[in-house]
Amino acid sequence: MIQNFQGNGYEMVDFDKEADIYIINTCTVTNMSDRKSRQVLRHAKKNNPEAIVVACGCYVQVAKNEIENIPEIDLCIGTNEKADIVKYVEDYFNNKKRVELENILYDAQYDEFGSVTYTEKTRAVIKVQDGCDRFCSYCIIPFARGKVRSRLPENIIKEIEQIAKNGIKEVVITGIHIASYGKDFENEYRLIDLLEEINKINGIERIRLGSIEPLLISEEFIDRLSKLSKICHHFHLSLQSGCTKTLKRMNRRYTIEEFKVIVERLRNTYEDVILTTDIIVGFPEETEEEFEITYNFLKDIKFYKMHVFKYSQRKGTIAAEMKNQIPANIKEERSKKLLELSDKNENEYLDKYLGKKLDVLFEEQDGKYYKGHTANYIMVNLETDKNVANKILTVEIIGKDKLSLISKEV
């Protein structure tokens, strides 16, 4: 959206400064994010009462009644209309008419922005699909983002080829549910087919996968993936719970036994694989016994890092109506216990690399160090007088600083 405005002659200013147009890209993943979205929308008008305040994103998609009762909003833009945001804003300038929320709809196809976007100097995030049809009981996203819509492979390849020409070495393949990529196509083209094409692009040296559904990792998928030299050996498997009974209430479609097979499949394929995950604690009806099953399962699997979330009721989801909602203090205790386990695992992983030589893609300078990541996504710092940004160097690990490694040039 920023690129579209800048390409039409607009100047970007800091959000807290006076502007003519304020764009708030809302989130609706929890009730807390809804509240924050409302607060920011109201705050924008205080900065400049004469400004146009534009609400877009997921909260706009699912909270029509609430949005209509926020008088500070002048214009609503649907998730699939962001590519035309400049046109909508300029139409509003001319007509001063608020867009009706009934007009915010999903197209049958993936919405193309038509330009290359970079998130960092050495890494580009490529969104390949939108929407989800999993309907996990805690999640509002299928209602906010609609059905699965996959981006055409030829458009993705064209964008990544342009990225490579601009010197970007790493791409991250992401989406709302990338395991569903291609299921809306008439042919049998799927995510693994796309990855095989990306692997052929000259100039791209690393292909990293965003968060993935565990069941994507079938024997066929991992067999084909293992033949791709540029795939990063870091996989973020969205587990959510280490207890099968809890997973069933979440409407996750696997058991912990099936998940363990998937983990073993990855570890047998990649000797240096790093696995990270998401965990929700305090899901409705989660007993102390269920939490202990989760804790022991996670202790056994030994993820490199775990992102731990305290369950938050989201209005409009099945889980929000479940009985036996867990008190906040219990969720806090369980979260703390898992975060301690995560830090312990991470420290033990890092100790294994002391004295070893690793290839690191350095990103930017941070104080006296250049920081970067290995292909399996371990943070490494290097003290050097040279400019090593966007370079892959072999370094020797000589120490550890909190949860990152310290290196020297070989």
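Residues numbered from 1 in each chain as written. Predicted model: local features only at pLDDT ≥ 70, side-chain atom pairs only at ≥ 80, totals over all residues. Heavy atoms only, no water.

(A) Broad picture of the overall build of the protein chain. What the protein chain contains, in helices and strands, is 13 helices and 15 strands. For 410 residues, the compact-globule estimate of 2.2 N^0.38 gives 22 Å, and the protein chain sits close to it at 23 Å. The buried share of the protein chain, reckoned over its 410 residues, is 51%. Within the protein chain, contacts between residues separated by at least 24 positions form 72% of all contacts whose residues are at least 6 apart in sequence. Element-wise, carbon and sulfur atoms account for 48% of the exposed surface of the protein chain, whose accessible area totals about 20200 Å². (Helix = DSSP H or I, 4+ residues; strand = E, 2+ residues; numbered from the N terminus. Rg over C-alpha atoms; globule rule 2.2 N^0.38 Å. Buried < 20%, exposed > 50% of the residue type's maximum accessible area, 1.4 Å probe, protein only. Contact = heavy atoms within 4.5 Å. Areas by Shrake-Rupley, 256 points an atom, 1.4 Å probe, with all protein chains shown as cover.)

(B) A look at the nonpolar core. Ile173, Leu195, Leu225, Phe235 and Leu237 are the most contacted members of the largest nonpolar core, which totals 68 residues. Beyond its immediate sequence surroundings of up to four residues, Leu237 is in contact with Ile212, Pro214, Ile217, Phe259, Ile262, Val263, Leu266, Leu275, Thr276, Thr277 and Asp278. Of all hydrophobic cores here, the second largest spans 16 residues; its members include Leu350, Phe362, Leu382 and Leu405. (Core = buried A, V, L, I, M, F, W, Y, C linked by side-chain atoms within 4.5 Å.)

(C) Local environment of the layout of surface pockets. Each pocket or cavity is described by its volume, and for the largest pocket that value is around 1100 Å³. Together, 33 residues line the largest pocket, and Val29, Ile141, Ser238, Gln240 and Asp278 are the ones closest to its centre. Of all the secondary-structure elements, those providing two or more residues to the lining of the largest pocket are helix H6 (141-145), strand E6 (170-175), strand E8 (234-240), strand E9 (274-281) and strand E10 (305-310). Class assignment of the residues belonging to the lining of the largest pocket gives a composition of 15 nonpolar, eleven polar and seven charged. (1 Å grid on protein atoms, 1.4 Å probe; cavity = no way out; pocket = protein on both sides within 12 Å on 5 of 7 lines; lining within 4 Å. Points joined across faces, edges and corners; volume = space filled by probe spheres on them. Nonpolar A, V, L, I, M, F, W, Y, C, P; charged D, E, K, R; others polar.)

(D) Spotlight on the packing of helix H7 (residues 153-165) against helix H8 (residues 191-198). Where H7 meets H8, the axes come as close as 10 Å, and the angle between the chain directions of the two elements is 30°. One way to sum up the angle between H7 and H8 is to call them roughly parallel. Handedness of the H7/H8 crossing: right-handed. Along the contact surface, H7 presents Pro153, Ile156, Ile157 and Ile160, while H8 presents Leu194, Glu197 and Ile198. Class assignment of the residues belonging to the contact of H7 with H8 gives a composition of six nonpolar, no polar and one charged. (Axes fitted to C-alpha atoms, helices over the stretch in contact; angles between N-to-C directions. Parallel < 35°, antiparallel > 145°, perpendicular 65-115°, else oblique. Left-handed = near helix turned anticlockwise from the far one by under 90°.)

(E) Structural detail: the pairing of strand E15 (residues 404-409). By the bridge criterion, three bridges tie strand E13 (residues 379-383) to E15 in an arrangement that is parallel. Directly across from Leu382, in E15, lies its bridge partner Ser407. In terms of strand pairing, strand E14 (residues 392-401) meets E15 through six bridges, oriented antiparallel. Bridging from a neighbouring strand, Glu396 pairs with Lys408 of E15. Linking E14 to E15, which pair antiparallel, is a turn of two residues; within it Lys402 sits at a positive phi near 55°. (Pairing = 2+ DSSP bridges.)

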